[in-house]
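Spelled out from the first residue to the last, the chains are:
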Amino acid sequence: MSEHRSLALTIIAIFIVTLMAAYFSPSFAEQKSYLELFILLGSLLFIFSVVVVFATLGFHSFALFLSIFLAAVIALYGIVGAFMVTVMTYLLWGSIFAMEVLLFYNGSESAKAWFVSRYDFKTFKMEYVAFYPLMGMLYILLEFIPYLFSKEKLVKFTPSKVLKEMEMLLK
């Protein structure tokens, strides 16, 4: 619980410091820049919060709400804003999915329960194909680079083996 409290306090402090900087800025241009930063930080916080909420709910409801959210973003910020939201969502959701796949591959029971509660094999395979590059990137970041520095045993990651195991588990 203390992690949540410290995260919330950090976020609140960032917003307070940004507003104080806008208030005490000597020129209108600086005030405008700080207020734009405040709005941007609020938008990013909202986007990350939406991703976290729908990551707990599952991909089916996430796809529906993401389309509504993208329509609102296009209306407010245009196509570039929608593209940025889509890229950030892909990276965040893909990182969650890839992390769970790596945990499942290493024998985590909680990852197994996560997949069983949220996926059937068809939806798993669809996301598996979509987030395949992120699985490789996370494997390099979490397994291979630490192996280079610590000289611990390198765990080989075979994505096709995960797909076969998931097919047996989710059918």
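Rules used in this analysis
- Residues numbered from 1 in each chain as written.
- Predicted model: local features only at pLDDT ≥ 70, side-chain atom pairs only at ≥ 80, totals over all residues.
- Heavy atoms only, no water.
- Helix = DSSP H or I, 4+ residues; strand = E, 2+ residues; numbered from the N terminus.
- Rg over C-alpha atoms; globule rule 2.2 N^0.38 Å.
- Buried < 20%, exposed > 50% of the residue type's maximum accessible area, 1.4 Å probe, protein only.
- Areas by Shrake-Rupley, 256 points an atom, 1.4 Å probe, with all protein chains shown as cover.
- Phe/Tyr/Trp six-rings, centres within 6.5 Å; stacked < 30°, edge-to-face > 60°.
- Axes fitted to C-alpha atoms, helices over the stretch in contact; angles between N-to-C directions.
- Contact = heavy atoms within 4.5 Å.
- Nonpolar A, V, L, I, M, F, W, Y, C, P; charged D, E, K, R; others polar.
- Expected span 1.5 Å × (residues − 1).
- Arc of directions from axis to C-beta.
- Polar contact = N/O pair within 3.5 Å; in protein donor to acceptor, adjacent residues only side chain to side chain.
- Bend = angle between axes of the 7 residues up to and from the residue.

### Some remarks on the overall build of the chain
Helices and strands together make up the secondary structure of the chain, namely seven helices and zero strands. When the helices and strands of the chain are read in sequence order from the N terminus, they spell out α-α-α-α-α-α-α. For a compact globule of 171 residues, the expected C-alpha radius of gyration is about 16 Å, and the chain comes in at 20 Å, more than 25% above that figure. Looking at the chain residue by residue over its 171 residues, the buried ones come to 29%. Of the roughly 11300 Å² of accessible surface on the chain, 74% is carried by carbon and sulfur atoms.

### Focus: the packing of aromatic side chains
Evaluated as defined, the whole model comprises 18 aromatic pairs. Ring geometry for F144 against Y147: centres 6.2 Å apart, planes inclined by 40°, an arrangement best described as tilted. Residue F144 and its partner Y147 are located together in helix α6 (residues 132–150), separated by three residues, close to a single helical turn. The class for F144 is partly exposed, based on a relative accessible area of 34%.

### Regarding the packing of helix α5 (residues 121–130) against α6
Running from N to C, α5 and α6 point in directions that differ by 65°, and their axes come no closer than 4 Å. Here Y128, V129 and A130 of α5 come into contact with α6, specifically with Y132, P133 and M135. When grouped by side-chain class, the residues that make up the contact of α5 with α6 number six nonpolar, no polar and no charged.

### Structural notes on the environment of V80
On the secondary structure map, V80 appears in helix α3 (residues 59–105). With a relative accessible area of 58%, V80 lands in the exposed category. For the pair V80 and V162, spaced 82 residues apart in the sequence, the C-alpha separation amounts to 36 Å.

### Observations concerning helix α7 (residues 159–170)
Its 12 residues give α7 an end-to-end C-alpha distance of 16 Å, which sits within 8% of 16 Å, the value for a rise of 1.5 Å per residue. Among the residues making up α7, those that are buried are P159, V162, L163, M166 and L170. Taken around the axis of α7, the buried residues stretch over an arc of 100°, which confines them to a single face. Away from its buried face by more than 90 degrees, α7 exposes K164 and M168.

### Some points on the environment of D120
Relative to the helices and strands, D120 is located in the loop between α4 (109–118) and α5. Separated by 51 residues in sequence, D120 and K171 place their C-alpha atoms 6.9 Å apart.

### Some points on the side chain of S108
Here S108 lies in the loop between α3 and α4. S108 gets classed as buried once you look at its relative accessible area, which sits at 19%. At 3.0 Å, the side chain of S108 and the side chain of S110 are in polar contact. A polar contact is formed between the side chain of S108 and the backbone nitrogen of A111, at a distance of 3.4 Å.

### Points about α6
One full turn of an α-helix is made of 3.6 residues, so residues set three or four places apart face in the same direction. Over its 19 residues, α6 runs 26 Å from end to end, which matches the ideal 27 Å to within 8%, given 1.5 Å per residue. Where α6 bends most, at I140, the angle is about 35°. Those residues of α6 that fall on the buried side of the exposure criterion are L134, M135, L138 and Y139. Within two residues after α6, K151 carries a phi angle of roughly 60°, on the positive side.

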